Amino acid sequence: MKTDVFISGGGIGGLTLALKLVQRGVDVVLAERQTKAPATYKGELLQPKSMKVFDGLGLFEEVQKRSNQIKVLDMLELSSSLKVLDQSFMDYSVLPGKYNASYMMPHEELKDMMLQLASSYTHFHYLSGTACKGFVDQTALLKRGSEQLKVEATYFFGAEGRSSVTRKEMGIEVKQTTYNHHFLTVTFPRDEKFTDGKIISTYNRFLGLFPLPDGKVRSVYLIPQGDYKQLKQKPISHFHKLYTDLAPVVDGYVQKLTDWKEIQLMIPVMFHAPTYVKENKAIIGDAAHAVHPMAGEGMNMAIQDADILGELTADMLEFGKTDPANLTWYENVRYKRADHVLQLSHLAALAYSFPFKPVSFIRKKTFERMEEDPILHFKQMLNVSGLGMWKENVRDRFIQGGLMPIRSKDLPTDTKELKYFTREDDYPWKVEGLL
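Fair warning: this is a prediction, and the values are worked out from it, not measured in the lab.

S.K.: Hey, could you run me through the overall build of the protein in this one?
M.R.: Summing up its helical and strand segments, the protein has 14 helices and 21 strands in all. Taken over C-alpha atoms, the radius of gyration comes to 22 Å for the protein, in line with the 22 Å a tight globule of 435 residues would show. Projecting the C-alpha coordinates of the protein onto the three principal axes gives extents of approximately 65 × 50 × 40 Å. Relative to all contacts within the protein whose residues are 6 or more apart in sequence, the contacts with residues 24 or more apart total 72%. Of the roughly 19200 Å² of accessible surface on the protein, 51% is carried by carbon and sulfur atoms. Averaging the locations of the 55 positively and 53 negatively charged side chains of the protein gives two centres separated by 5 Å.

S.K.: Would you mind going over the sheet that holds strand 13 (residues 181–189) with me for this structure?
M.R.: The strands making up a sheet associate through backbone hydrogen bonding, with each pair oriented either parallel or antiparallel. Pairing within the open sheet is mixed, and its seven strands lie in the order 6-5-14-15-16-13-17. Edge positions in the open sheet fall to strand 6 (84–91) and strand 17 (264–266), since each of these has one partner strand only. Across the sheet, the mean angle from the axis of one strand to that of its neighbour is 20 degrees, orientation sign disregarded. With four bridges joining them, strand 14 (residues 197–201) and strand 15 (residues 206–212) adopt antiparallel strand pairing. Bridged to Ile 199 within strand 15 is Gly 208.

S.K.: Before we go on, may I ask you to explain unusual backbone geometry in this structure?
M.R.: The bulk of non-glycine residues show a negative phi, and the bulk of peptide bonds are trans. Its identity is not glycine, yet Leu 82 carries a phi of approximately 70 degrees, on the positive side. In this structure, Leu 82 sits in the loop between strand 5 (72–78) and strand 6. On the basis of relative accessible area, Leu 82 is assigned to the partly exposed category, the value being 29%.

S.K.: I'm lost on the environment of Asn 68 in this one. Help?
M.R.: Looking at the secondary structure, you find Asn 68 in strand 4 (residues 68–70). Contacts of Asn 68, omitting those with residues within four sequence positions, involve Ser 102, Tyr 103, Met 104, Arg 190, Thr 195, Pro 211, Leu 212 and Pro 213. A distance of 2.9 Å separates a polar atom in the side chain of Asn 68 from the backbone oxygen of Thr 195.

S.K.: Which parts of the structure should I look at to understand a positive patch on the surface?
M.R.: A cluster of basic residues, Arg 33, Lys 42, Lys 133, Lys 143 and Arg 162, forms a positive patch at the surface. Within the secondary structure layout, Lys 143 lies in strand 10 (residues 139–144).

S.K.: Explanation requested: the UniProt feature "domain: FAD-binding" (unreviewed entry) in the protein in the structure shown.
M.R.: As recorded in UniProt, the feature "domain: FAD-binding" (unreviewed entry) lies at residues 2–344. In the segment residues 2–344, helix accounts for 28% and strand for 32%; the C-alpha atoms at its two ends are 41 Å apart.

S.K.: Looking at this model, I keep getting lost on a nonpolar patch on the surface. Mind explaining?
M.R.: A contiguous nonpolar surface patch, about 240 Å² in accessible area, is contributed by Leu 347, Leu 350 and Phe 354. Among the secondary structure elements, Leu 347 is positioned in helix 9 (residues 328–353). The exposure class of Leu 347 is partly exposed, given its relative accessible area of 46%.

S.K.: Which parts of the structure should I look at to understand helix 9?
M.R.: Two residues of an α-helix separated by three or four positions point the same way, owing to the 3.6 residues in each turn. Spanning 26 residues, helix 9 covers 36 Å between terminal C-alpha atoms, matching the ideal 38 Å at 1.5 Å per step. The sharpest bend along helix 9 measures roughly 35 degrees and falls at Arg 334.

S.K.: Quick question: what am I supposed to make of the environment of Gln 64 here?
M.R.: Following the sequence through the fold, Gln 64 ends up in helix 3 (residues 60–65). Residue classification places Gln 64 among the partly exposed positions, given a relative accessible area of 31%. Put simply, Gln 64 and His 123 are 59 residues apart on the chain and 28 Å apart in space, counted from C-alpha to C-alpha. Setting aside residues up to four positions removed in sequence, Gln 64 forms contacts with Met 51, Gln 69 and Tyr 103.

S.K.: What's the story with helix 8 (residues 298–318) in this structure? I'm lost.
M.R.: Helix length check: helix 8 (21 residues) gives 30 Å between terminal C-alpha atoms against 30 Å at 1.5 Å per residue, within 8%. Burial of helix 8 is extensive: 18 of the 21 residues sit out of reach of the surface. Positioned one or two residues after helix 8, Gly 320 has a phi angle of 70 degrees, which is positive.

S.K.: Hey, could you run me through the sheet that holds strand 7 (residues 102–104) in this one?
M.R.: Pairing is antiparallel in the open sheet, where three strands are placed in the order 3-7-4. Looking at strand neighbours, the two that pair on one side only are strand 3 (45–46) and strand 4, the edges of this open sheet. The sheet contact formed by strand 4 and strand 7 spans three bridges and is antiparallel. When the bridges of strand 7 are listed, Asn 68 appears paired with Met 104.

S.K.: In this structure, what is going on with the pattern of salt bridges? I would like to understand it.
M.R.: Between side chains of opposite charge, a pair can form when the charged atoms approach closely. Summed over the entire model, instances satisfying the criterion amount to 24 salt bridges. Among the ionic pairs, Lys 430 bridges to Asp 315, the shortest N-O distance being 2.7 Å. Taken together, the positions of Lys 430 in the segment after helix 14 (423–426) and Asp 315 in helix 8 put the pair 115 residues apart, joining distant regions of the chain. Among the residues examined, Asp 315 registers a relative accessible area of 2% and is labelled buried. The partner of Lys 379 in a salt bridge is Asp 396, and the shortest N-O contact between them spans 2.4 Å. Of this pair, Lys 379 sits in helix 11 (residues 374–385) while Asp 396 sits in helix 12 (residues 394–400), and the two are 17 residues apart along the sequence. Here Lys 379 and Asp 396 have matching classes, each one buried.

S.K.: In this structure, what is going on with the side chain of His 292? I would like to understand it.
M.R.: Relative to the elements of secondary structure, His 292 occurs in the loop between strand 21 (289–290) and helix 8. Of note is the side chain of His 292, whose polar atom sits 2.8 Å from the side chain of His 181. The contact partners of His 292, leaving out residues within four places of it in the chain, are Tyr 179, His 181, Phe 183, Pro 268, Val 269, Ser 345 and Ala 349.

S.K.: Any chance you could explain the packing of aromatic side chains here in plain terms?
M.R.: Geometrically, a pair of aromatic rings is defined through the distance of the ring centres and the angle of the planes. For the coordinates displayed, the defined rule picks out 15 aromatic pairs. The ring of Phe 135 carries the charged tip of Lys 281 above its face, separated from the ring centre by 5.1 Å. Just above the ring of Trp 390 sits the side chain of Lys 419; from NZ or CZ to the centre is 4.3 Å.

Cut-off values and rules
- Residues numbered from 1 in each chain as written.
- Predicted model: local features only at pLDDT ≥ 70, side-chain atom pairs only at ≥ 80, totals over all residues.
- Heavy atoms only, no water.
- Helix = DSSP H or I, 4+ residues; strand = E, 2+ residues; numbered from the N terminus.
- Rg over C-alpha atoms; globule rule 2.2 N^0.38 Å.
- Contact = heavy atoms within 4.5 Å.
- Areas by Shrake-Rupley, 256 points an atom, 1.4 Å probe, with all protein chains shown as cover.
- Lys, Arg positive; Asp, Glu negative; His and termini not counted.
- Charge placed at Lys NZ, Arg CZ, Asp CG, Glu CD.
- Pairing = 2+ DSSP bridges.
- Axes fitted to C-alpha atoms, helices over the stretch in contact; angles between N-to-C directions.
- Buried < 20%, exposed > 50% of the residue type's maximum accessible area, 1.4 Å probe, protein only.
- Polar contact = N/O pair within 3.5 Å; in protein donor to acceptor, adjacent residues only side chain to side chain.
- Patch = residues over 30% accessible without salt bridge, like charges linked within 9 Å, V, L, I, M, F, W, Y side chains within 5 Å.
- Salt bridge = Lys/Arg side-chain N within 4 Å of Asp/Glu carboxyl O.
- UniProt positions renumbered as here; feature names shortened; annotations may be inferred.
- Expected span 1.5 Å × (residues − 1).
- Bend = angle between axes of the 7 residues up to and from the residue.
- Phe/Tyr/Trp six-rings, centres within 6.5 Å; stacked < 30°, edge-to-face > 60°.
- Lys NZ or Arg CZ within 6 Å of the ring centre and 35° of its normal.

In structure tokens form, the structure reads like this:
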């Protein structure tokens, strides 16, 4: 087979990249190793920037219709006796414009929707149950069952996840950061009135609840590293109580889970590849950067990578600027943004990782002051949303620590919008003469 672009990996990132390309008339071959939904948990929280990307692909309304919209994340800090010590909010409505909410949608449903749209283009070629085994010259070597396939392409992009064949072929090594905790994750029914997200914590416990559509909720519960085997030996009622102690709203619903086999173990890691591009190959998503799942950013980072790389590659092919050196524009745009998100998620992980009351107190005060200070609140939501990047300064840190008073005056809408990434920020090569 011959094509313009070969993509290894048909997850949300790979499909976003394929859609960007085929909608611009680029011929794409995409190889996906799996033929059915994986047993492991995949991202379901779509941040505002991802929704903006989907809007450009013609998917916004359909995703919105089939999702549960989350406008507010309720942050509850409980005492040792499980009394509410503090309640704060992460409110997406502080973001001006159309993209001011997050959305929860079942991962496989979103993937099927994207694959169906991509398959409506005759120059999209989907190889299911096909694994990329490596590369020789300008050819990808594939295996589908006992069948050997070869795909010649102008560009080769890896979206295979953490164990990326493309990244290894590029000779890029990554160094993983591991954590002192793991997560239990599972979906179960919810009350129909429970539609906003909740993050509930004590000095030594953490529970995240993110409502899905169709009366379900996705949950993540933090456990110490190595505790999973011991927990599984206890009756499932012990798991129920872990949840109902912290979140009475799930009582009567979490009990629908009757077997530990329904509950997955999620092991967080973090790494950032030193480069995303080598010659005519590039990597996106978890192949390039693994993020701690605390902020639900992994899938969103892959979508944003795909948006930039797809737009760039389509421009290169359309205007005859096919020199692979031009792929570095993708890395120039995405690297610093991804690194910022990785660090924010890492700090959030540390804030919940250590079972000490002083850590809990500092966390409580930080979130409390972040909500009360409108500029801090906007910065937090802007950085989480992916719509822009505004780093905290020394004054912000002093306010968080209680060393300076909280600002009461909010920013005007036009000032907030100035902090959003512009089209020139996202696609700087489009400026005359740069590509």
